[in-house]
Amino acid sequence: HRDLHSFPTRRSSDLGAMKEFSHPGTERTPLDLNHAITSTITVASNEWKYVADISTVFDSELPPVPVMPGAFNQVILNLIVNAAHAIDAVAPAETPAKGTITITTRRVDAWAEIGITDTGCGMPADMIPRIFDPFFTTKPVGKGTGQGLAIAHDVVVTKHGGTIAVASKQGVGTTFTLRLPLEETRAVAADAM
């Protein structure tokens, strides 16, 4: 079963979303990813509401996933902000046309998979192998630090034993696909201590 949500572009004053988003700690705890992503979308609304519409297709049967909630939320926030910036590069906020950010969740065998797709500017193929490198950015000078995707890679791969992949076509858009193990692995758990 999948739940389909569409997020209005009006300002939300959901203080509960901010509280959930900023969950502290480095312990992994079972988390409802669908709910966490919804809260992060609300927290990030000022970043995307003028340039994009967000839609979600969530697997309603996705079980809780053991993650560090604060770190996971930060990864999702970074990817939403990057998607909004990529869309803004194609159609700035002053233009009437908006782009789309689509966020999906689903279970794939022993993994929870999150997809974040944008209709932004995309990236040249030769840049894709370097996007997770610290300090590498595709953004204009002064617009990015090159840390967001490096941190996302560290959180997903090193801290959670997952994977993060990207597919992008210049002028069409980009999809980030994150996979997180549904069960906490011993090797990663030992590294996290």
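Residues numbered from 1 in each chain as written. Predicted model: local features only at pLDDT ≥ 70, side-chain atom pairs only at ≥ 80, totals over all residues. Heavy atoms only, no water.

### Brief notes about the overall build of the chain
Helix and strand content of the chain: six helices and eight strands. Starting at the N terminus and walking to the C terminus, you meet the elements of the chain as β-α-β-α-α-β-β-α-β-β-α-β-β-α. Expressed as a percentage of its 193 residues, the buried residues of the chain come to 43%. Residue pairs at least 24 apart in sequence account for 74% of intrachain contacts in the chain once pairs closer than 6 positions are excluded. Surface accessibility of the chain: about 10,200 Å² in total, with carbon and sulfur atoms responsible for 56%. (Helix = DSSP H or I, 4+ residues; strand = E, 2+ residues; numbered from the N terminus. Buried < 20%, exposed > 50% of the residue type's maximum accessible area, 1.4 Å probe, protein only. Contact = heavy atoms within 4.5 Å. Areas by Shrake-Rupley, 256 points an atom, 1.4 Å probe, with all protein chains shown as cover.)

### A short note on unusual backbone geometry
Notably, Asp 109 is not glycine yet its phi reads approximately 55°, a positive angle. Within the fold, Asp 109 resides in the loop between β5 (99-108) and β6 (111-118).

### Comments concerning the pattern of salt bridges
What the rule picks out here adds up to four salt bridges. Where Arg 179 meets Glu 113, a salt bridge forms, and the shortest distance between an N and an O atom there is 2.7 Å. Of this pair, Arg 179 sits in strand β8 (residues 173-181) while Glu 113 sits in strand β6, and the two are 66 residues apart along the sequence. A relative accessible area of 25% means that Arg 179 is categorised as partly exposed. Residue Lys 159 pairs with Asp 154 through a salt bridge whose shortest N-O separation is 2.7 Å. We classify Lys 159 as partly exposed; its relative accessible area is 33%. (Salt bridge = Lys/Arg side-chain N within 4 Å of Asp/Glu carboxyl O.)

### Focus on the pairing of strand β3 (residues 52-59)
Extensive coverage of β3 is indicated by the burial of six of its eight residues. Two strands pair when backbone bridges link them, and β3 and β5 are joined in this way by six bridges, in the parallel orientation. Opposite Ile 54, over in β5, you have Ile 101 as the bridge partner. (Pairing = 2+ DSSP bridges.)

### Some points on the packing of helix α4 (residues 69-90) against helix α5 (residues 148-159)
Contact geometry of α4 with α5 gives a least axis separation of 9 Å together with a crossing angle of 145°. For α4 against α5, the interelement crossing comes out left-handed. Touching Ala 71, Phe 72, Val 75, Asn 78, Leu 79 and Asn 82 of α4 are Gly 148, Leu 149, Ala 152, Val 155 and Val 156, all from α5. Residue composition of the contact of α4 with α5, grouped by class: eight nonpolar, three polar and no charged. (Axes fitted to C-alpha atoms, helices over the stretch in contact; angles between N-to-C directions. Left-handed = near helix turned anticlockwise from the far one by under 90°. Nonpolar A, V, L, I, M, F, W, Y, C, P; charged D, E, K, R; others polar.)

### So, α5
Compared with an ideal rise of 1.5 Å per residue, which puts twelve residues at 16 Å, α5 spans 15 Å between its outermost C-alpha atoms and is within 8% of the ideal. Two residues or fewer after α5 comes Gly 161, characterised by a positive phi angle close to 70°. (Expected span 1.5 Å × (residues − 1).)

### Overview of the pairing of β6
With six of eight residues buried, β6 lies mostly within the body of the structure. Pairing of β5 with β6 involves eight bridges; the strand directions are antiparallel. Note that in β6 the partner of Thr 104 across the bridge is Gly 115. For β6 and β8, the ladder comprises eight bridges, and the chain directions are antiparallel.

None of this, on its own, says anything about what the molecule does.
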